[in-house]
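Letter by letter, the chains look like this.
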Amino acid sequence: MQSLEDRYREWDGEFVLTRYDAATGSWIFIAIHDRTLGTAAGGCRMSIYGSPADGLRDAMRLARGMTYKWAAIDFPFGGGKTVLAVPRPLEHAERERLLLRLGELIQTLNGAYGVGVDLGTTPEDMAIVGRRTRWVFGLPAAQGGSGDPGPWTALGVHAGIRASCRHAYGSASVRGRSILVQGLGGVGAPLARGLAAEGARLLLVDAIPGRAEALAGEIGAEVVPPEQAYTRECDIFAPCAIGAILNERSIPRFRCRIVAGSANNQFERDADAALLHQRGILWAPDFVINAGGAIAHGSLEVLGWTERRVRERIEGIYDTLDEVFTEAENRGESPLDEATRRAARILSDARASRPGADAAAGS
Ligand code: PHE
């Protein structure tokens, strides 16, 4: 098992602010990966991990993912993420105390990083964090924020699924397509509703008992048990929960044509992208297809765009993915290679045009 020290040695980011919260037995990791494009911004994940080192690793990987996400959409923000590694589900006073503590820590960073919602946290949680710091995205509209990012992310994933269908089947329509959605939380639920409204055939999976059944009743879908998520035959597999679901064990078993969903860090290792590619399964790069929430937060709260412009920009994920798929195919590479190249180009151009870039080169 890898230690905390190993995690720090392996990582290419800027720094991690680490605190142990004795009152709740939780670890707080705020990972700041890269601020070339601007202040770091990314959500807060609250989860139970096997060890603190696993929580740290998740924070580091998620923060790196945010760097690429902001670069891929060419928005002026850097990569950062928070992980709250809790020993058990926290509620009420305990949860509030941990969130206030997080707010205090973010405030000490004095603008280096802004937090928001991610897996395991809610807009209500952010309202609590916001009592201690102004560096919070996604506060309710009444408090000047852009609210829950989930529906915005879902809008972008829907557009990305259409682009994937166009590439794989020649038609962007999802009518009659079987789509398995894994995870029916802030993104998965609105995504499934939107796809069902367009005539797709939904297969729903959730780790929380009863959640898939409830949504299936509402939109007329089939419930699939969690252990069949990776083996069930379908046109599109849409992972909308945890990461690392694409790995050496799951990839050989998939019976789908497309993987396109909102989960961050879908591959366990980057090399797994080649495995999926070899199997002829089209993959929509996670940090491109799931950028809708980031687009909404950044544009509504900082850049001052209208909702209409935001919606158009998020629907533009269709065109971005269309370009990524076409270019990857022309080069004979995986969509991950192509999307990474695009983001890396934005980052290196920004570094080169920075004042003092010559002096800093090579450092
Ligand atoms: N956590 C979401 C994401 O990974 C939404 C988010 C974006 C939250 C940007 C804060 C800042 O994109």
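Keep in mind it's a predicted model, so treat the numbers as computed, not measured. (Residues numbered from 1 in each chain as written. Predicted model: local features only at pLDDT ≥ 70, side-chain atom pairs only at ≥ 80, totals over all residues. Heavy atoms only, no water.)

A. Expanded view of the site of the ligand. The environment of the ligand is formed by Gly42, Gly43, Met66, Lys69, Trp70, Lys81, Gly116, Val117, Asp118, Asn264, Ala294 and His297. Taking Lys81, its side chain carries an N or O atom lying 3.0 Å from an oxygen atom of the ligand. Val117 places a polar main-chain atom, nitrogen or oxygen, 2.8 Å from a nitrogen atom of the ligand. Within the complex, 95% of the 320 Å² of free accessible area of the ligand lies under protein. With 3 residues, the single largest contributor to the shell around the ligand is helix α2 (residues 52-72). When the residues that make up the shell around the ligand are grouped by side-chain class, the tally is 4 nonpolar, 5 polar and 3 charged. Both of domain 1 (4-66 + 78-143) and domain 2 (150-344) provide at least three residues apiece to the shell around the ligand. (Near = heavy atom within 4 Å. Polar contact = N/O pair within 3.5 Å; in protein donor to acceptor, adjacent residues only side chain to side chain. Areas by Shrake-Rupley, 256 points an atom, 1.4 Å probe, with all protein chains shown as cover. Helix = DSSP H or I, 4+ residues; strand = E, 2+ residues; numbered from the N terminus. Nonpolar A, V, L, I, M, F, W, Y, C, P; charged D, E, K, R; others polar. Domains from an automatic or database assignment.)

B. Spatial organisation of the layout of surface pockets. Looking at the second largest pocket, its volume works out to about 550 Å³. Lining the second largest pocket are 23 residues; nearest its centre among them are Arg61, Arg64, Gly65, Asn265 and Asp270. Those elements that place two or more of their residues in the lining of the second largest pocket are α1 (4-10), α2, α9 (286-289) and α13 (335-352). In terms of residue count, α2 provides more of the lining of the second largest pocket than any other element does, 7 residues in total. Class assignment of the residues belonging to the lining of the second largest pocket gives a composition of 7 nonpolar, 5 polar and 11 charged. A domain-level breakdown of the lining of the second largest pocket finds at least three residues from each of domain 1 (4-66 + 78-143) and domain 2 (150-344). (1 Å grid on protein atoms, 1.4 Å probe; cavity = no way out; pocket = protein on both sides within 12 Å on 5 of 7 lines; lining within 4 Å. Points joined across faces, edges and corners; volume = space filled by probe spheres on them.)

C. The domain arrangement of the protein, seen in detail. What the domain assignment lists for the protein is domain 1 (4-66 + 78-143) and domain 2 (150-344). In this structure, domain 1 and domain 2 have C-alpha centres spaced 25 Å apart. In this complex, domain 1 contributes 12 residues to the contact, which on the side of domain 2 involves 10 residues. Between domain 1 and domain 2 lies a buried interface of about 850 Å² when both sides are counted; carbon and sulfur atoms form 48% of it. It is Arg61, Leu119 and Phe137 that lose the most area in domain 1 upon contact with domain 2, and together they represent 52% of the buried surface on that side. Our count for the contact surface shared by domain 1 and domain 2 stands at 0 salt bridges. (Contact = heavy atoms within 4.5 Å. Buried area = accessible area lost by both parts, 1.4 Å probe. Salt bridge = Lys/Arg side-chain N within 4 Å of Asp/Glu carboxyl O.)

D. Summary view of the pairing of strand β8 (residues 201-205). Within β8, 4 of the 5 residues are buried, leaving the element largely enclosed by the surrounding structure. Two strands pair when backbone bridges link them, and strand β7 (residues 178-182) and β8 are joined in this way by 5 bridges, in the parallel orientation. When the bridges of β8 are listed, Ile179 appears paired with Leu202. Following the chain from β7 across helix α6 (residues 188-197) to the adjacent parallel β8, one finds a crossover that is right-handed. (Buried < 20%, exposed > 50% of the residue type's maximum accessible area, 1.4 Å probe, protein only. Pairing = 2+ DSSP bridges. Right-handed = clockwise from strand over helix to strand, strands pointing away.)

E. Representation of the nonpolar core within the structure. Ile161, Ile179, Leu202 and Leu204 are the most contacted members of the largest nonpolar core, which has 82 residues in total. For this core, the element with the highest residue contribution is helix α5 (residues 150-169), accounting for 9 residues. Two domains each donate at least three residues to this core, and these are domain 1 (4-66 + 78-143) and domain 2 (150-344). Ranked by size, the runner-up nonpolar core spans 25 residues in total, among them Ile30, Cys44, Leu109 and Val117. (Core = buried A, V, L, I, M, F, W, Y, C linked by side-chain atoms within 4.5 Å.)

F. Representation of empty space enclosed by the protein. In total, this model carries 1 cavity of 30 Å³ or more according to the counting rule given. The space that makes up the largest cavity amounts to roughly 40 Å³. Those elements that provide at least two residues to the lining of the largest cavity are α8 (272-278) and α13. The element best represented in the lining of the largest cavity is α8, accounting for 3 residues.

G. Structural view of the sheet that holds strand β12 (residues 282-283). Read from one edge of the open sheet, 6 strands run β9-β8-β7-β10-β11-β12, paired in parallel fashion. One side of each edge strand has no neighbouring strand; the edge strands of this open sheet are β9 (222-223) and β12. Pairing of strand β11 (residues 258-259) with β12 involves 2 bridges; the strand directions are parallel. Paired with Val259 across the strands is Trp283, a residue of β12. Contacting β8 and β9, helix α7 (residues 211-219) runs over the sheet at an angle of about 165° to β8. (Axes fitted to C-alpha atoms, helices over the stretch in contact; angles between N-to-C directions.)

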